[in-house]
Amino acid sequence: VVAFDPRGVGETRSGSGGHWPRIAGEPWPTVLRESSGSWTNWSWFAGRPVPGQWAHDIAQVARFSCDRFAVKTVAIEAGEPFGWSALLAGCAAPELISSGTVAIRRHSLHDDIGSRGDSALADVPGLLDRLDIPQLRQLWPGTVRIAASGHGRREEPGKADARG
C-alpha cells in the first residue's frame, strides 16, 4: 500500500495553516497573502491546472511503485476530490494503473459545467473539445463510481454512461 499527499495537500497546502508559501520563501507568502490568491488559481494561469498536476503525481507514484517494488501494475482507490485526477491518470497510463475504483462528481463534463459553471472548464482546458467522461471511462478498465448524481452506485468497469 502506498499512500501519499498530492501536491498542494497536507503540508504543501497554501492558504490558512498551509506551509508551502513559507517553505518556498519570498515572494510567495507576500504574493499569496496580498492577492488573496491560492496556488490553485496561480497554477491555472501558469498553464498547470491542479487536476492535471494531481494526475501526474498519481501516475508518477504508480511508475515509482512499479520500478521500485517490481510490481506489474497498480490498483487505485480514490474518492473526491482526487477521483477526477485518478481517472485522468488511469486513462493516461493504463499500463501502470490497470484497476481500482474512483469516485467522480458527474456523469458528464456538460453536467459539471451546468453545476459549477465555466470554472469546470479550467480543470482540463480543451478536454471537452475531444472527449467527455463516457469516453474517458472506456479508456480505463477500472471502476468509476458517480458520487453525486449516481448516489455512490458502482458502474461496470470501463462502461460508458448510458447517456453517452
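Quick note: structure is the one above.
Computed from a prediction, not measured in an experiment: that's the story for all the values here.

## So, the overall build of the protein
Here comes step 1: Looking only at helices and strands, one finds 8 helices and 3 strands in the protein.
Here comes step 2: For the protein, the sequential pattern of α-helices and β-strands runs α-α-α-α-β-α-β-α-α-α-β.
Here comes step 3: The buried share among the 164 residues of the protein stands at 38%.
Here comes step 4: Carbon and sulfur atoms make up 55% of the accessible area of the protein, which totals about 9400 Å².

## Quick notes on the packing of helix H4 (residues 50-69) against helix H5 (residues 83-92)
Here comes step 1: Running from N to C, H4 and H5 cross one another at 60°; their axes reach a closest spacing of 8 Å. For the element pair H4 / H5, the angle class is oblique. The element H4 and its partner H5 pack so that their crossing is right-handed. Contacts from Pro51, Trp54, Ala55, Ile58 and Ala59 of H4 reach H5 at Trp84, Ser85, Ala86, Leu88 and Ala89.
Here comes step 2: For the contact of H4 with H5, a count of residues per class yields 9 nonpolar, 1 polar and no charged.

## Describing the packing of aromatic side chains
Here comes step 1: A complete count under the given rule lists 2 aromatic pairs for this structure.
Here comes step 2: Residues Phe64 and Phe69 carry aromatic rings whose centres are separated by 5.9 Å and whose planes lie at 90° to one another, so their mutual orientation is edge-to-face.

## Let's talk about the nonpolar core
Soluble globular proteins tend to bury their nonpolar side chains together.
Here comes step 1: By size, the foremost hydrophobic cluster in this structure holds 26 residues, and its most contacted members are Ile76, Trp84, Leu87, Ile97, Val102 and Trp140.
Here comes step 2: For this core, the secondary structure elements donating two or more residues are H4, strand S1 (74-78), H5, strand S2 (97-104), helix H8 (133-139) and strand S3 (143-146).
Here comes step 3: Looking at which element gives the most residues to this core, the answer is H5, with 6 residues.
Here comes step 4: What Ile76 contacts, discounting residues up to four positions off in sequence, is Ile58, Ala86, Ile97, Ser99, Gly100, Thr101, Val102 and Trp140.

## Quick word on the side chain of Ser65
Here comes step 1: Looking at the element boundaries, Ser65 is found in helix H4.
Here comes step 2: Judged by its relative accessible area of 7%, Ser65 falls in the buried class.
Here comes step 3: The contacts of Ser65, once residues within four sequence positions are left out, are Val2, Ala70, Val71 and Val74.

## Focus: unusual backbone geometry
Here comes step 1: Positive phi outside glycine occurs at Ala70, with the angle close to 55°.
Here comes step 2: Along the chain, Ala70 falls in the loop between H4 and S1.
Here comes step 3: The exposure class of Ala70 is exposed, given its relative accessible area of 67%.

## A closer look at the side chain of Ser108
Here comes step 1: Within the secondary structure layout, Ser108 lies in the loop between S2 and helix H6 (109-116).
Here comes step 2: The class of Ser108 is buried, set by a relative accessible area of 10%.
Here comes step 3: Among the polar contacts listed, one links the side chain of Ser108 to the backbone nitrogen of His110, at a separation of 3.0 Å.

Cut-offs used in this document
Residues numbered from 1 in each chain as written. Predicted model: local features only at pLDDT ≥ 70, side-chain atom pairs only at ≥ 80, totals over all residues. Heavy atoms only, no water. Helix = DSSP H or I, 4+ residues; strand = E, 2+ residues; numbered from the N terminus. Buried < 20%, exposed > 50% of the residue type's maximum accessible area, 1.4 Å probe, protein only. Areas by Shrake-Rupley, 256 points an atom, 1.4 Å probe, with all protein chains shown as cover. Axes fitted to C-alpha atoms, helices over the stretch in contact; angles between N-to-C directions. Parallel < 35°, antiparallel > 145°, perpendicular 65-115°, else oblique. Left-handed = near helix turned anticlockwise from the far one by under 90°. Contact = heavy atoms within 4.5 Å. Nonpolar A, V, L, I, M, F, W, Y, C, P; charged D, E, K, R; others polar. Phe/Tyr/Trp six-rings, centres within 6.5 Å; stacked < 30°, edge-to-face > 60°. Core = buried A, V, L, I, M, F, W, Y, C linked by side-chain atoms within 4.5 Å. Polar contact = N/O pair within 3.5 Å; in protein donor to acceptor, adjacent residues only side chain to side chain.

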